[in-house]
Amino acid sequence: MVRTLGWLSAAALALGLVMAFGVAPREVSQGNVQRIMYVHPPLAWVAYLAFGVVAAASIAYLVRRAPGADRLAHASAEVGVLFTGLAIATGSIWGKPTWGTWWTWDARLTSVAILFVMYLGYLLLRGTVEDRERAARYCAVLGIVAALDMPLVHFSVYWWRTLHQPPSLMKPGGFTGSAAILWPLLVNLAAFTVLYAYLVAKRVRLLRAEAEALA
Amino acid sequence: MSFARRALVVAWKDLLVERRSKETLNALIFFALLLLFVFQFALGPDRERLAGVLPGVLWLGFILSGLLALGRTFLVEREHDCWEGLLLAPGDKSAVYLGKLAGNLALMAVVETLVLGLFVVFFDIDLARAFPGLVVVVALATLGLAAVGTLFAAMTAHVRAREVLFPVLLLPVQVPVLLAAVKATEALLAGEPLGAVAHWVKLLAAADVVYLAVGVLTFDAILEG
């Protein structure tokens, strides 16, 4: 099952790469740099998905106290932090030639940066609590606080300032670009989501093996 | 004992211990004074530049002294071996949370009043017009800060490297509260009425409701063992 997911994500990523470079047209004003946009939004999407899963698994853990829910939260948080970091990095690489700067304190950039440090703190907490059961409880609480905090972060930072372009895919009225841009983006979105599922499944299995070895 | 009474007993105990030992309060007052020195050295004597950064600096003062005060919430219990006593408290543990929160709010109110007073004297800010609005903003922001701070203090009480971990966990979560508080303070000190910063005040109120609800609902899980 996990292995199938692995092969599936490898194939989907390869297809996504081919479509981003082969099918998608070269953007007129930005040139090839724009092709980062077939990777950057999927990375950001997976990051949000991952932290959503952390929140759901955290609530499930506090209600049921099933170690499996805690392992899912743990794995998803790790992958989420990784993808958030990659989203920030790819965004920077795109921003330098396009906006002329690696980083700017725009609303969305700032809120993603806060998200990143919040969940880095989450992983830090996991690493410092020695007792497993206690770590699970504390991290579940932190996972819930962090998720509920996100809308507040979003609004506060948005009122503070904004420069990032509005979402092009999920907005009222739907996508208005051409199909040659839409399909490569959608394939990559699916590919990265499968990759996320694979990494989490793999990590959960590893965490279970660790727990069994220590028990 | 009713729920409210149990919370009050915890708050009363904390305030009594603090009044008799003054362990935290004395250090905090001294710390606030030192912060003022540091700010003055860092910013230099230029009045105009000072006026621009004052709201941010004021909140830096509040948050830094707040971090010190809140971080100690449950260490007192550990140092004096009272943790088990708290665990054995009958009924819902959220009463302990609310009691601890009330004690922290009282402590922070004292420190914040003092810091504000020092700022009026040393940085020559004119509070007369902004004062009523400022009280509302400071009260709402402090409640948000203390609500999460009390929760996280319980969480980090048993953790290695807790002095580092507590601010590292608390600060990112508190970004909305700090942003709203600084922006609202900035407008109020510039002479605008409270109505002009209504959106920030609403955000602070929403944050308070969310944080308090999570604190009350999850504290049981933290105090289990």
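You'll find the structure just up there.
Break down the packing of helix H1 (residues 2-23) of chain A against helix H6 (residues 179-214) of chain A for me, with residues and values.
All names here are of chain A. It is at 8 Å that the axes of H1 and H6 come closest, and there the two elements cross at 155°. When the axes of H1 and H6 are compared, the pair comes out roughly antiparallel. Once H1 is placed against H6, the crossing between them reads as left-handed. Among the residues making up the contact of H1 with H6, the classes are represented as 20 nonpolar, four polar and two charged.

Would you mind going over the interface of chain A and chain B in detail, with residue names and values included?
Many authors give the size of an interface as the accessible area that is lost as the parts come together. Taken together, the contacts link 27 residues of chain A with 26 residues of chain B. For the side of chain A that touches chain B, the secondary-structure elements that each account for two or more residues are helix H4 (107-128) and helix H5 (132-160) of chain A. Across the side of chain A that touches chain B, the residue classes tally to 21 nonpolar, three polar and three charged.

So what about unusual backbone geometry? Which residues, and what values?
Even without being a glycine, Arg65 of chain A presents a positive backbone phi close to 60°. With respect to the helices and strands, the residue Arg65 of chain A is situated in the loop between helix H2 (40-64) and helix H3 (67-99). Despite not being glycine, Lys22 of chain B shows a phi value in the positive range, around 55°. Assignment of secondary structure puts Lys22 of chain B in the loop between helix H1 (3-21) and helix H2 (23-43).

Cut-offs and rules
- Residues numbered from 1 in each chain as written.
- Chains lettered and ligands numbered in written order.
- Predicted model: local features only at pLDDT ≥ 70, side-chain atom pairs only at ≥ 80, totals over all residues.
- Axes fitted to C-alpha atoms, helices over the stretch in contact; angles between N-to-C directions.
- Helix = DSSP H or I, 4+ residues; strand = E, 2+ residues; numbered from the N terminus.
- Parallel < 35°, antiparallel > 145°, perpendicular 65-115°, else oblique.
- Left-handed = near helix turned anticlockwise from the far one by under 90°.
- Nonpolar A, V, L, I, M, F, W, Y, C, P; charged D, E, K, R; others polar.
- Contact = placed C-beta atoms within 7 Å.

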